[in-house]
Structures are given as structure tokens and as C-alpha cells.
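Analysis of the macromolecular model
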Amino acid sequence: MYFSSNIKLLRKRRKRTQEDVSSTLNLKRSTLSGYENNIAQPNIQILMAFSDYFDMSIDTLVKVNLSNIPEFELRQLERGYDTFLEGSKMRVLATTIDQDNEENIELVSEKAKAGYKSGFADPEYIRVLPTFRMPFLSKQKKYRTFQISGDSMLPIPDSAFVTGEFLQNWKEMKSHDAYIILTREDGVVFKVVENKIELENKLTLHSLNKNYEPFDLPAADIREVWKFINYISPEVPQPHTTESELIDTVRSLEKQVREIQMKLKL
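Below is a short write-up of the structure. Bear in mind the structure is a predicted one, so any value in this text is a computation, not a measurement.

So, helix α3 (residues 29–36)
Taken together, the buried positions of α3 are Leu32, Ser33, Gly34, Tyr35 and Glu36. Looking at the packing, one finds that the buried side of α3 touches α1 (3–13), α2 (18–24) and α4 (44–54). Following α3 by one or two positions, Asn38 has its phi on the positive side, about 60 degrees.

In C-alpha cells:
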């Protein structure tokens, strides 16, 4: 475990004192000193805090000896080009199993999403989520269901439950496919992805509802990725409006406007 030496190295490369870092992370300076000297061991919340501070995955901070990698690669890491974007054995998913030792599908409701943002890696938090099974899904893969909100992904309606398959290698995300993504700032988002990780170290996220503009998500802000599999909703999707129907609607509105204008002239 290289956490202690790595955070000390990264701090010094940023020309930050222990006081600077401990103040930003709401730690005592003595606590930070304990981490850097390998006297104290961090919990998952502390690891996440350092990961956010240095824009580097927990996997890298813990497993990679940063002092042994070439300067160019280290600068790339510091810019957010994390070598663990492809996934590794150290990216451990907190999960639950049933009495038959098979993976559950945990349900993250709308109310639970705020807690999931910080508790996604905490086994104790995941353990209290409701679980269920979908017998038609593969037993060899890991799934989780999230309740979405808003109309940005219409015709998938507000409050629908979308199920995703856990994706270990983020570079395998296919452009134009839909994914449930846990982000550092915005929590759970459900979008159609344009994968630009290889060239630009980011994703561009699109809504199905064209009233919403696409936006970029830096790879450093990704926490989890789930490939969209299906959704459940009691609502029947609204029918797609054809071009001819839109033209008729516009003509009707134009007629109403002319009628109002005529009345105003009287």
C-alpha cells in the first residue's frame, strides 16, 4: 500500500504544506502527518476525500508507487489521465448477495440517491438498500437499479426505474448508448454517452429530450458506470410526434394568432 508516500509526494509537487491540505480536507494537521508517515490508516471516506483533492482514483493512490513512474506519466496522472480508467482488481464494488450466494439487484430510489453519492463504496450503506431479482438477467453479471427524475430522458418518463450492468472498464463505453453514471458533483445521472476518454479524457452526455443541451463530464469526475439494460415504469410512453403533426400544430397556432390580431383591429 503506497497511500502514505503518494499523498506526501503529490502534496509536495503541488507545493502545499500539511497545513494547507489538512485545512482544505477538514483534518487536523497531526492526522495528515499520521497518514503521510504511515502511522494512521485512512477509512473509505478519507480515501475518497484525497481522491477528490488530487483528482486521482483511490486505486492509483493506494496501489501505484508514484515515485517509480516516469515524470511524463506522473504529470498525466496529475492532469486527470488516470491509468485506472480501464479498471483493475482494486476497483471493488460494494454489493450484496442473497441466501443462495447470488448477486442481488440493489434499488437506489429517488430518496436514496443523495446518500448513494457518498455511500456508494460503503458496504454498510449498500447493505440497507432494498434488493430484488430479475430472473431473466444473467447471473454472471452485476446489476443495480436507479430511480430517475425529470423529463430529460423522455420518452423514458419521470420516476422510472432504470437498471444497469456494472461496467469495470470505462473505456468500453460505446458512443450513442445509454449509461447510468455516478458523478462526483451531480450524483447519479442517466444519459446517452459520447465517449471521448481516449482523446480528450472526458465524456459528452446527451439527453433524449432535445430541449436539454449536451454537456461534458471529465473522466476524473466519474465514480461508477452502469450500462443501461432496461427500465420499469407504470406510465405508457408518449407517442412520437411526426413532422406532419408538428406542421399542423404550427399552422393552427398561426391561425389563432391571425384571429387575435383581427379582433384587436376591430
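Let's talk about the side chain of Asn65
With respect to the helices, strands and loops of the structure, Asn65 is situated in the loop between α5 (58–63) and α6 (71–78). At 2.6 Å, the side chain of Asn65 and the side chain of Ser67 are in polar contact. Among residues more than four places away in sequence, those in contact with Asn65 are Tyr2 and Asn6.

A look at α4
All of the buried residues along α4 are Ile46, Leu47, Met48, Phe50, Ser51, Tyr53 and Phe54. In this structure, the buried side of α4 is in contact with α1, α2, α3, α5, α7 (113–119) and β9 (222–232). Its side-chain oxygen placed 3.1 Å from the backbone nitrogen of Gln45, Asn43 serves as the N-cap of α4. One or two positions beyond α4, positive phi appears at Asp55, with a value near 55 degrees.

Some thoughts on unusual backbone geometry
Omega for the peptide link from Leu154 to Pro155 comes to 20 degrees, which places this bond in the cis form. Position of Pro155 among the secondary structure elements: in the loop between β3 (143–147) and β4 (161–166). Phi is positive for Asn26, which is not a glycine, with a value near 60 degrees. Take Asn26: it is sitting in the loop between α2 and α3. Relative accessible area serves as the criterion here: at 71%, Asn26 is assigned to the exposed category. Positive phi is not limited to glycine here, since His176 has a value of about 80 degrees. Take His176: it is sitting in the loop between β4 and β5 (178–183). On the basis of relative accessibility, which here comes to 69%, the residue His176 falls in the exposed class.

About the cut-offs
- Residues numbered from 1 in each chain as written.
- Predicted model: local features only at pLDDT ≥ 70, side-chain atom pairs only at ≥ 80, totals over all residues.
- Heavy atoms only, no water.
- Buried < 20%, exposed > 50% of the residue type's maximum accessible area, 1.4 Å probe, protein only.
- Helix = DSSP H or I, 4+ residues; strand = E, 2+ residues; numbered from the N terminus.
- Contact = heavy atoms within 4.5 Å.
- Polar contact = N/O pair within 3.5 Å; in protein donor to acceptor, adjacent residues only side chain to side chain.

In short, shape yes, function no, at least from these values alone.
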